[in-house]
Amino acid sequence: MSKEKGRLTGEHFMLGDHACAEGAILAGCRFFAGYPITPATEIAERMSVRLPQVDGKYVQMEDELASMNAILGASWAGVKSMTATSGPGFSLMMENLGLGIMLETPCVLVNVQRGGPSTGLPTLVGQQDMMQAKWGSHGDYEIIALSPGSPQELFDLTIRAFNLSEKYRTPVLVMTDAEVGHMTEKVVIPPPEEIEILNRPQIYKGDVEPDHFRIYRESPDGDPGYVSPMVKAGEGYRIHVTGLTHDERGYPAMNAEANEWNVSRLMEKITANLDDIIELETDKLRNAEVVVVSYGISARTSLWPIEQARKEGIKVGYLRLITVWPFPEDTISKLATKVGAFVVPEINMGQITREVERCAAGNAQVFGVHKPGGDILDPGDVLDTIRKAAAVTQKN
Amino acid sequence: MSAEAMERSERLRIMNYDTPAESDWETGLHPMDDLLRGERLPHIWCQGCGLGTALTSFISSLKWLEKNQGWDLDKVAVVSGIGCTGRIAGYLRLDSFHTTHGRAIPFATGLKIANPELKVIVISGDGDIAGIGGNHLIHAARRNLGITVICVNNFNYGMTGGQVGPTTPHEARAVTAQYGNYEFPFNLPYLAAASGASFVARWTVLHARQLDWTLRKALIHSGFSFVEIIAPCSTAYARWNPEGKGLDPENLRRRGLEVMKHYQKVGKTEQGIHPKDAHVKVNSSGEVIEIVEGEFLDETRPDFKEAIDQRATTAEKFWLSEKNALDKRKKLPPKKGKVPRTEIQLGGFGGQGIMSAAKIIGMAASIYNNLEACFTQSYGPEARGGAAGSQVVISSTPIHHPHLTQPTSMIMMSQGAYEKYVADLSPGGVLLIDDELVDLPAEHREDIKTFGIPATKIAQDAGNNRAANTAMLGFWTAVEGIVDKEAMQESIAESVPPKTVSINLDVFESGYKRGLDLVKK
Ligand code: SF4
């Protein structure tokens, strides 16, 4: 019975936001701290109902600053934790997202994006926080961000976000949007046995001589992608962690060398593991003249115009960024030498388009399909841009 | 203070204060060495600063609790924010977390709730706790979260050089208040108590013995305990204010000492008084002329963890009902034949169940008929009052575009919704209306098929006004035939409140029959 407790294995006709919460529960999340904000509120609502059913804890915090901090605290108590928000709350979380990264704290932050800037369009879709996801907190760091296109995928990627955050000891972002969060579709919750769940590398009481213990170990064999095991509070190691630049012991170290050591390890544990972290969906890239690069809801709504364009005889490839950050630089650079043009549909004024341009480095033309928030993209606009890109390619 | 609390306080008071063991003198070890990270010393604090005393007091309280109450100090976690006091965490050989400015309390909230076994203590300064982190203080107090917050108040922002802050006395001087502070400070014990803290006290660092005793009690306390420690900032605050002014700027130790003497002069112990009366009084030149000290509040109330745990049984009931519904679910054969992309628009006014009707269709299609189905609803101002709208797309193949591009089927249950949506219906499409709620105008479209039933009346006659949407669903099922009847029935049974299942199914049946009759005609 106890193993069964809280399980809802089966097929559901479920809201995207609720699917996110279910993914978190299955991934082992047992602490949620959040603040109501449209269109992410239903994640908090569902967590407040579900967590007490699985011996987890839900706390509605006083604001998003507190929410982000509380999930860091819970993670250091050894519990998988998550928060969910949208634009304005995402901005408030940036400060302590940085703390999470600096302390190397596994946790998941979901952004159900709405139209911005500022209060913007609370109930309507946007993909305008993609660059904020990459650069939003101050200082140099690497971030992992995933982008789902349906409630089922929001469920799946929330689990993957937890796994990546545990494996790499870092906060992971799920960058979904109002469209997916507020959409209801079939969501299959598999039995937990069928899901791969990763847990943080961890040291427990008695595993290591406390005197020899280092909270931020370097790899014993020089692997730059090494992730130091974590120790939770209460294990007797008397750990210290700080948002200040620190050394292996977690102690403040106020100099340039220490900063370099510190920042490199935060970045390299991601950049040395790109093959594991980056997940892409591709279709018909071979011999493509034009490749549509997109993510989340915009990738999904591009599928119909892609079908149309193919019917018109245009060789269109499809590359969906399931992992948006880190960006698949190599893939795009290599493709740029083979294809004529990229088309990048996104609900913003051109954020990932810039990344594609940067990686294409002039080897292929890049056409954005852009509009600010409020509605999903018009398939006609995407189709027209594909045609335009194809025309340019054929001329060259 | 309650009689019980007074008694406890007295018991603690007569217990001997720990003196260092002989052996410590012999080894040359400081009796507090085991709780300090020696490798991190010397600390960064100025000479004459009160933080050393505050730290000593905290450590001796912990040692006392270890010895006399069997505390396992491995289970103690200290969280600090930013500032001079914020550095305390880093000097303690305990699990210690140096977080961001103002955010120690929410970090501690996560630690404590996720692992209630931990004794979680926040030590930070007045700027951190009451300025940038003030919101977190009042909310943690309101929850009666089982942590201890020790706020060292030095009346200014010391680390950044002595700027005015939320506790700087009125008319006192600071780098950013050189003409005198024109704001008024918080009374921290009053703030904490008013917010819901169940243990509240204040001492200056001069009253180290009393502070030790109070800290022990605060640490044992099961709810939210708040202790303000007033401490000299020899470098910054004392430089600007009468307490330390005119002294040799190089001699910080002397300055700190003068402030301590001042505390001796102005400190006034008043145990158990209302926190509102726990003043820090100043004269017209900003000089502190009275500091009321003592334990002001010690109440026993259920703490946050208890409050959460009490809900576990209800939570289990919720889960079981959801799980039972899943387990009971019938497996129906998938829909025969291909369903092309079908876009359905539903419209009405709030309260008619326009959303649930759409969801029922979607669930019937996706869960019971194994079709693809995507249900979206109109949010935003138009969804409040006025016309409510919801949309469903059904298809045998994946639905790439979740919105309606050209609805083929419409269910309209109000005049407003009819007017808003009817123009979108594709030529040849089907419009179903509650014909008592929608008056078709003379210029009603002739290129669509329109059918009406008095859905609201049917529901009323069956004894449930709110089932009008179900009548429309029956009607729609019969007319359109996109989703199997049994799938719809199962979806309704699963979606409506258990007590209304049979009435809803009856109403569905009436709507269905009328639909069949109309189609035959
Ligand atoms: S600036 Fe003031 S509070 Fe900070 S260490 Fe120096 S004396 Fe203490």
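Because the structure is a prediction, the values reported are computed rather than measured. (Residues numbered from 1 in each chain as written. Chains lettered and ligands numbered in written order. Predicted model: local features only at pLDDT ≥ 70, side-chain atom pairs only at ≥ 80, totals over all residues. Heavy atoms only, no water.)

### Regarding the overall build of chain B
Part 1: Within chain B, the secondary structure is distributed over 19 helices and 15 strands.
Part 2: Taking 521 residues into account, the globule formula puts the C-alpha radius of gyration at 24 Å, and chain B, at 35 Å, lies well above it.
Part 3: The principal-axis extent of the C-alpha atoms belonging to chain B is close to 105 × 50 × 45 Å.
Part 4: Counting only residues that meet the buried cut, chain B has 55% of its 521 residues in that class.
Part 5: Taking contacts inside chain B between residues at least 6 apart in sequence as the whole, the part at least 24 apart equals 66%.
Part 6: For chain B, the accessible surface area stands at approximately 22,000 Å², while carbon and sulfur atoms represent 53% of it.
Part 7: Within chain B, one finds 56 positive and 60 negative side-chain charges whose respective centroids are separated by 1 Å. (Helix = DSSP H or I, 4+ residues; strand = E, 2+ residues; numbered from the N terminus. Rg over C-alpha atoms; globule rule 2.2 N^0.38 Å. Buried < 20%, exposed > 50% of the residue type's maximum accessible area, 1.4 Å probe, protein only. Contact = heavy atoms within 4.5 Å. Areas by Shrake-Rupley, 256 points an atom, 1.4 Å probe, with all protein chains shown as cover. Lys, Arg positive; Asp, Glu negative; His and termini not counted. Charge placed at Lys NZ, Arg CZ, Asp CG, Glu CD.)

### Examining the site of the ligand
Part 1: Near the ligand, the surroundings consist of B:Trp45, B:Cys46, B:Cys49, B:Cys84, B:Asn154, B:Gly158, B:Cys233, B:Ser234 and B:Thr235.
Part 2: The residue makeup of the shell around the ligand, split by class, is 5 nonpolar, 4 polar and no charged. (Near = heavy atom within 4 Å. Nonpolar A, V, L, I, M, F, W, Y, C, P; charged D, E, K, R; others polar.)

### Some points on the domain arrangement of chain B
Part 1: By the assigned domains, chain B splits into domain 1 (37–307) and domain 2 (337–520).
Part 2: Put simply, the middle of domain 1 of chain B and the middle of domain 2 of chain B, counted by C-alpha atoms, are 63 Å apart. (Domains from an automatic or database assignment.)

### Let's talk about the interface of chain B and chain A
Part 1: Each partner contributes to the interface: chain B provides 62 residues, whereas chain A provides 71 residues.
Part 2: Summed over both sides, the interface of chain B with chain A buries roughly 5,600 Å², with 59% coming from carbon and sulfur.
Part 3: At the junction of chain B with chain A, the criterion picks out 5 salt bridges.
Part 4: Of the charged contacts in the structure, one is a salt bridge between B:Glu322 and A:Arg46, with a shortest N-O distance of 2.6 Å.
Part 5: In this structure, the connection of chain B to chain A is made through 35 residue pairs in polar contact (both at pLDDT 80 or more).
Part 6: Within the residue set of the side of chain B that touches chain A, elements represented by two or more residues are helix 4 (88–91), strand 2 (95–98), helix 5 (104–114), helix 7 (134–143), helix 12 (304–309), helix 13 (312–328), helix 14 (354–368) and strand 11 (372–377) of chain B.
Part 7: Taken together, the residues of the side of chain B that touches chain A sort by class into 25 nonpolar, 20 polar and 17 charged. (Buried area = accessible area lost by both parts, 1.4 Å probe. Salt bridge = Lys/Arg side-chain N within 4 Å of Asp/Glu carboxyl O. Polar contact = N/O pair within 3.5 Å; in protein donor to acceptor, adjacent residues only side chain to side chain.)

### Examining the domain arrangement of chain A
Residue and element names in this part refer to chain A.
Part 1: When its domains are assigned, chain A resolves into domain 1 (10–194) and domain 2 (281–395).
Part 2: Computed from C-alpha coordinates alone, the two centres of domain 1 and domain 2 are separated by 27 Å.
Part 3: With 29 residues of domain 1 at the contact, the number on the domain 2 side is 23 residues.
Part 4: When domain 1 packs against domain 2, close to 2,000 Å² is buried across both sides, 56% of that on carbon and sulfur atoms.
Part 5: Looking only at domain 1, the three residues that lose the most surface to domain 2 are Gln 127, Met 130 and Met 131, adding up to 30% of its buried area.
Part 6: Residue Glu 185 is joined to Arg 300 by a salt bridge in which the shortest nitrogen-to-oxygen separation is 2.6 Å.

### Focus: the pattern of salt bridges
Part 1: Under the counting rule described, the total for this entry stands at 48 salt bridges over all chains.
Part 2: Linking B:Arg301 and B:Glu299 is a salt bridge whose minimum nitrogen-to-oxygen distance equals 3.1 Å.
Part 3: Counted as one network, the salt bridges with shared partners bring together A:Glu22, A:Arg46, A:Arg50 and B:Glu322.

### Points about the sheet that holds strand 16 (residues 365–370) of chain A
Residues and elements named next belong to chain A.
Part 1: Strand order in the open sheet formed by 5 strands is 11-13-12-15-16, and the pairing between neighbours is mixed. Each edge of the open sheet carries a strand with a single partner, namely strand 11 (280–283) and strand 16. Within this sheet the neighbouring strands show an average axis-to-axis angle of 20°, counted without direction.
Part 2: By the bridge criterion, 4 bridges tie strand 11 to strand 13 (residues 316–321) in an arrangement that is antiparallel. Bridging across to strand 13, Leu 280 finds its partner in Leu 321. (Pairing = 2+ DSSP bridges. Axes fitted to C-alpha atoms, helices over the stretch in contact; angles between N-to-C directions.)

### With respect to the side chain of B:Ser96
Part 1: Structurally, B:Ser96 can be placed in strand 2.
Part 2: A polar contact of 3.1 Å, which involves the side chain of B:Ser96, links it to the backbone oxygen of B:Ala89.
Part 3: Beyond its immediate chain neighbours, meaning those up to four positions away, B:Ser96 contacts A:Ile239, A:His240, A:Val241, B:Arg37, B:Val78 and B:Ala89.

### Topic: the nonpolar core
Part 1: With 99 residues, the main nonpolar core has A:Trp76, A:Phe342 and B:Leu111 as its most contacted residues.
Part 2: Ranked by the residues each element gives to this core, the list is headed by helix 4 (residues 87–103) of chain A, at 8 residues.
Part 3: Excluding residues within four positions of it along the chain, B:Leu111 makes contact with A:Gly73, A:Ala74, A:Trp76, A:Ala77, A:Ala233, B:Ala77, B:Val79, B:Phe97, B:Leu118 and B:Val120.
Part 4: In this structure, A:Ala21, A:Ala27, A:Ile37 and A:Ala44 belong to the second largest nonpolar core, which totals 75 residues. (Core = buried A, V, L, I, M, F, W, Y, C linked by side-chain atoms within 4.5 Å.)

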